[in-house]
Amino acid sequence: MKAVVIRTFGDPEGLEVVDVPVPVPAPGQVQIATEAIGVGGVDAVIRRGTLAAYGFREGHLLGSEVAGRVTAVGEGVDASWIGRRVWAFTGLSGGYAEHAVTSVEDVLALPDGLTGADAVTLGGSGVVAHFALDRARFTPGETVLVRGAAGSIGITAVQLAARDGAGAVAVTTSSVERGARLRDLGATHVLDRSGADGPDAPAGFDVVIDVVGGPQLPLFLDKLNSNGRYVAVGVVGGQPPADFGMQLMDAFRRSLSFATLSSDTVPGPDRQAVRSSQFADAAHGNLRTVVHQVLPLDQAVLAHREMDAGEVFGRVVLAP
């Protein structure tokens, strides 16, 4: 089968389409013929070699979420899964391929009316957005800033905060056009990437959800109100300064909080319950997904180029 691996860390050109054996499901696993493959920010971080210290090596087969049809099951898995359309989490590898295997516990049947592309746009990101707001102890009436709102996590966080009664939902983005699209999704204020305020933007925020990280993170810590909570859910802009914690200590009397959130720490049944609810909402039009474009699997390099250039609004999806 065709698959996409990291030939060399660095630029998107380091990705390569290769032929590999079709994976066979082990006990407790299912095999899926993929119809849609999500291209996420974590894929770009792994591709660049940023996480090499965590065991990622050249030759790594990228991809963490797919949608498709179950074609085989391993020992101990109910055979009724065969033929069903599903969304699946494959970990941090194995998704950029014509077939994928994963634990049946990480598989969720898709409702009618939800496409595979919509499923991989919402499946991983929606859970992160939900539990980030939960980690921030967000309550109705509070002001929220979503930093890096043009990606699938940010788009979902904007919608959830607006739907759950935020007093204001501000976003950072790179253009007027993107700002208009985010307003259509529930944003009330649009800031530039540096967080420069519009004339009517709140002076501070009770909650900041940050997908970006990077060297400018301390600028956004300064935007927290007293008792404000900052939750970092990604580092697509790189690691923050090593000493950024000193800023929290310097603001000791304002009782600020900083947290990170990885959905890996959320119990599996809780993730699946939220995901199932969000899939149903999306199928009924109560939660919107934004698919930037669908590209053939062998154009993964182009997908990553567009991500690196900041040209993606929503999620790029690969299709075998």
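Residues numbered from 1 in each chain as written. Predicted model: local features only at pLDDT ≥ 70, side-chain atom pairs only at ≥ 80, totals over all residues. Heavy atoms only, no water.

1. A look at the sheet that holds strand 9 (residues 168–172)
Line of reasoning, step 1. Read across the sheet, six strands follow the order 10-9-8-11-12-13 without closing on themselves; strand pairing throughout is parallel. Unpaired on one side and paired on the other, strand 10 (189–191) and strand 13 (257–260) mark the two borders of the sheet. In this sheet, neighbouring strand axes are inclined to one another by 20 degrees on average, regardless of whether the strands run parallel or antiparallel. (Pairing = 2+ DSSP bridges. Helix = DSSP H or I, 4+ residues; strand = E, 2+ residues; numbered from the N terminus. Axes fitted to C-alpha atoms, helices over the stretch in contact; angles between N-to-C directions.)

2. Considering the pairing of strand 3 (residues 29–39)
Line of reasoning, step 1. Counting buried residues along strand 3, eight of its 11 residues qualify, which places the element largely inside the surrounding structure.
Line of reasoning, step 2. By the bridge criterion, five bridges tie strand 3 to strand 6 (residues 99–103) in an arrangement that is antiparallel. The residue bridging Q31 from the neighbouring strand is V101, located in strand 6.
Line of reasoning, step 3. Where strand 3 meets strand 4 (residues 65–73), seven bridges bridge the pair, whose relative direction is antiparallel. For I37, the partnering residue across the bridge sits in strand 4 and is V66. (Buried < 20%, exposed > 50% of the residue type's maximum accessible area, 1.4 Å probe, protein only.)

3. Details of the packing of helix 2 (residues 116–135) against helix 7 (residues 268–283)
Line of reasoning, step 1. Relative to each other, helix 2 and helix 7 sit at 125 degrees, their axes nearing to 9 Å. By the angle between their axes, helix 2 is oblique relative to helix 7. By crossing handedness, the relation of helix 2 to helix 7 is classed as right-handed. Seen from helix 2, the contacting residues are A119, L122, G123, G124, G126, V127, H130 and F131; seen from helix 7, they are D270, R271, V274, R275, Q278, F279 and A282.
Line of reasoning, step 2. Across the contact of helix 2 with helix 7, the residue classes tally to seven nonpolar, five polar and three charged. (Parallel < 35°, antiparallel > 145°, perpendicular 65-115°, else oblique. Left-handed = near helix turned anticlockwise from the far one by under 90°. Contact = heavy atoms within 4.5 Å. Nonpolar A, V, L, I, M, F, W, Y, C, P; charged D, E, K, R; others polar.)

4. So, the pattern of salt bridges
Line of reasoning, step 1. Overall, the coordinates contain 12 salt bridges when judged by the stated rule.
Line of reasoning, step 2. Between R7 and E16 there is a salt bridge, and its shortest N-O distance comes to 3.7 Å.
Line of reasoning, step 3. Its salt-bridge partner being R47, residue D308 comes within 2.6 Å of it at the nearest N-O pair. Here D308 is found in helix 8 (residues 300–308), whereas its partner R47 is found in helix 1 (residues 41–48), with 261 residues between them in sequence.
Line of reasoning, step 4. Its relative accessible area of 1% is what places R47 among the buried residues.
Line of reasoning, step 5. One connected set of salt bridges, linked through shared partners, spans R47, R48 and D308. (Salt bridge = Lys/Arg side-chain N within 4 Å of Asp/Glu carboxyl O.)

5. A word on the side chain of Q159
Line of reasoning, step 1. With respect to the helices and strands, Q159 occurs in helix 3 (residues 152–163).
Line of reasoning, step 2. Taking relative accessible area as the criterion, Q159 reaches 8% and is therefore assigned buried.
Line of reasoning, step 3. Apart from the residues lying within four places of it in its own chain, the contact partners of Q159 are L185, L287 and R288.

6. Topic: empty space enclosed by the protein
Line of reasoning, step 1. Tallied over the full model, the rule gives one cavity of 30 Å³ or more.
Line of reasoning, step 2. The volume enclosed by the largest cavity comes to roughly 40 Å³.
Line of reasoning, step 3. What lines the largest cavity is simply T121, L122, S125, S152, I155, T156, R288, T289 and V290.
Line of reasoning, step 4. When residues of the lining of the largest cavity are traced back to their parent elements, those giving at least two are helix 2 and helix 3.
Line of reasoning, step 5. Considering only residue class, the lining of the largest cavity consists of three nonpolar, five polar and one charged. (1 Å grid on protein atoms, 1.4 Å probe; cavity = no way out; pocket = protein on both sides within 12 Å on 5 of 7 lines; lining within 4 Å. Points joined across faces, edges and corners; volume = space filled by probe spheres on them.)

7. Here we look at helix 7
Line of reasoning, step 1. With 16 residues, helix 7 should reach 22 Å at 1.5 Å per residue; the first-to-last C-alpha distance of 22 Å fits that figure.
Line of reasoning, step 2. Here the buried face of helix 7 lies against strand 5 (85–89), strand 7 (107–109), helix 2 and helix 3.
Line of reasoning, step 3. Two residues or fewer past helix 7, G285 is found with a positive phi of approximately 80 degrees. (Expected span 1.5 Å × (residues − 1).)

8. Let's talk about the environment of L224
Line of reasoning, step 1. Here L224 lies in strand 12 (residues 224–232).
Line of reasoning, step 2. Exposure remark for L224: the relative accessible area of 3% places this residue in the buried category.
Line of reasoning, step 3. Considered as a pair, L224 and F89 are 135 residues apart in the sequence and their alpha carbons are 34 Å apart.

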